[in-house]
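The chain contents come next:
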Amino acid sequence: MSDSAATKRPASATNGFSKHDNDDHQDTKRARLAQIVQDQQLLASQSIPTPHTPKVIQTVRLPDALRKKILITGGAGFVGSHLTDRLMSEGHEVVVLDNFFTGRKANVEHWLHHPNFSLIRHDVIQPILLEVDQIYHLACPASPPHYQYNPVKTIKTSTMGTINMLGLAKRVKARILLASTSEIYGDPEVHPQPETYWGNVNTLGPRSCYDEGKRVAETMMYAYKNQNDVSIRIARIFNTFGPRMHPNDGRVVSNFIIQSLQNKNITIYGDGSQTRSFQYVDDLVNGLTKLMNGNYDSPVNLGNPDEYSIKDFATKIKEFTQSSSEIKFLPKVADDPTQRKPDISTAKRELDWAPCVHVEDGLRKTIKYFRGEVEAAGEIVPTGPDAAKPKGGS
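The shown structure was predicted, so the numbers you read here are calculated from the model rather than taken from an experiment.

1. Considering the side chain of Asn-107
Along the chain, the position of Asn-107 falls in the loop between β2 (93-98) and β3 (117-121). Asn-107 sits in the buried class, given a relative accessible area of 1%. Polar side-chain contacts of Asn-107 include one of 2.9 Å to the backbone oxygen of Ala-76. What Asn-107 contacts, discounting residues up to four positions off in sequence, is His-52, Thr-53, Ala-76, Gly-77, Phe-78, Ser-81 and Arg-244.

Here you go:
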């Protein structure tokens, strides 16, 4: 026998694998691939729990004929992120567009893996080309300290941003909903405020960049409707609260809760007799989707008619948080409305909508959220009434 013949070995023996080993290897590969497919199917059927949004939200699978592609400007903000949750859970494709001035990536990070979700960092004052079926135009700072920080930019967002979104809606024949505001009524002399009330607004005051910007945005909506046959909807949103409010937005609910949780003085600007109506964010989202998918195209108030004085509201939050905080009264803020309460008869009649969540139930959920925010941050210093840039990361 030659040396070469003596040293000859089967291929399976020379590489260390038998046929049985190779079969096991192939089975392992198939099992891994099957697990990957299973994982992808799971990721396409729900949100991923995150520290900011630990609850898992299930999504349904819609047939192509029913699934819409929906753009939400400002979709990483407080209201926009809750609207994103609703539309994703219904099985639609959602494109969130946000410049993250007040929006936070943490508000939508539980959807980043999902095939139906897209996130675009973009400022609405610049045009963008997309193919969508519906547009919820929510982009604009909504708290007085934030929109007063850069009043020119606030005006641009409401005017140029709305023109750009209307141009997009016109081009792709999408329906567009404008998130307008109760601020268009100014310091109202009619109470409660119906949609037919024209308002009492100071065009030169510190809040006018937001008030007048939204008023002209409504005007542009109807100009595009009448001249270009764009399908429009307008929601006049009253005070809204809930989880994911920006901790430093300087608004009543967030400030009072943060101050109470830290046993710091609860600061009221004025004597506390001014009134507000507060709706929980889930009710607002219900109203927005009903308005978008309904047949009514005149402005609609969306708010909770339950009215509270600011002083009573501060006392309620102090009780709910079992806080040792003291209520302190500071000088009144310029152009702060003395009363605000929506007449929602139009929403009831045209949308079959009314708020369902009691303010006290909503407060308990919101306090739980902010308790987590305070624990994570160690300390949160509330924003006062003066113009201020949003603090904290996204």
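Following the structure, the description resumes.
2. Some points on the nonpolar core
Counting residues in hydrophobic clusters, the biggest one holds 57 residues, and the most contacted among them are Tyr-136, Leu-288, Leu-302 and Phe-313. Discounting residues that sit within four places of it in the chain, Phe-313 has contacts with Val-252, Val-253, Phe-256, Phe-278, Tyr-308, Val-359 and Leu-363. Counting residues in hydrophobic clusters, the runner-up holds 23 residues, among them Val-124, Leu-166, Val-172 and Ile-232.

3. Description of the confidence of the model for the protein
Averaged over all residues, the pLDDT of the protein equals 91, while 92% of them reach at least 70. With pLDDT under 50 throughout, residues 1-7 is counted as low confidence; its partners more than four residues away or in other chains account for one contact.

4. Let's talk about the packing of helix α10 (residues 310-321) against helix α12 (residues 359-377)
With their axes 11 Å apart at the nearest point, α10 and α12 run at an angle of 55 degrees to one another. The angle between α10 and α12 places the two elements in the oblique class. Regarding α10 and α12, the two cross each other, and that crossing is right-handed. Contacts from Phe-313, Lys-316, Ile-317, Phe-320 and Thr-321 in α10 reach Val-359, Glu-360, Leu-363, Arg-364 and Ile-367 in α12. Split by residue class, the contact of α10 with α12 holds six nonpolar, one polar and three charged.

5. Focus on the pattern of salt bridges
Evaluation of the coordinates by the stated rule reveals 19 salt bridges. Of the charged contacts in the structure, one is a salt bridge between Asp-336 and Arg-207, with a shortest N-O distance of 3.9 Å. Linking Asp-336 in the loop between β13 (327-330) and α11 (345-351) with Arg-207 in the loop between β5 (175-181) and α7 (208-228), this pair joins segments that are 129 residues apart in sequence. Relative accessible area serves as the criterion here: at 9%, Arg-207 is assigned to the buried category. Between Arg-215 and Glu-212 there is a salt bridge, with the nearest N and O atoms lying 3.4 Å from each other. In this pair, Arg-215 and Glu-212 both sit in helix α7, three residues apart, roughly one turn of the helix. One salt-bridge network, held together by shared partners, links Glu-183, Arg-207, Arg-276, Asp-336 and Arg-340.

6. With respect to the pairing of β5
Walk down a regular strand and you will see the side chains alternate between the two sheet faces. Most of β5 sits out of view: six of its seven residues are buried. Bridge analysis of strand β4 (residues 134-137) against β5 gives four bridges, and the strand direction is parallel. Bridged to Gln-134 within β5 is Arg-175. By the bridge criterion, six bridges tie β5 to strand β6 (residues 232-237) in an arrangement that is parallel. Bridge pairing links Leu-178 to Ile-234 in β6. The parallel pair β5 and β6, bridged by α7, forms a crossover whose chirality is right-handed.

Calculation notes
- Residues numbered from 1 in each chain as written.
- Predicted model: local features only at pLDDT ≥ 70, side-chain atom pairs only at ≥ 80, totals over all residues.
- Heavy atoms only, no water.
- Helix = DSSP H or I, 4+ residues; strand = E, 2+ residues; numbered from the N terminus.
- Buried < 20%, exposed > 50% of the residue type's maximum accessible area, 1.4 Å probe, protein only.
- Polar contact = N/O pair within 3.5 Å; in protein donor to acceptor, adjacent residues only side chain to side chain.
- Contact = heavy atoms within 4.5 Å.
- Core = buried A, V, L, I, M, F, W, Y, C linked by side-chain atoms within 4.5 Å.
- pLDDT = per-residue confidence, 0-100.
- Axes fitted to C-alpha atoms, helices over the stretch in contact; angles between N-to-C directions.
- Parallel < 35°, antiparallel > 145°, perpendicular 65-115°, else oblique.
- Left-handed = near helix turned anticlockwise from the far one by under 90°.
- Nonpolar A, V, L, I, M, F, W, Y, C, P; charged D, E, K, R; others polar.
- Salt bridge = Lys/Arg side-chain N within 4 Å of Asp/Glu carboxyl O.
- Pairing = 2+ DSSP bridges.
- Right-handed = clockwise from strand over helix to strand, strands pointing away.

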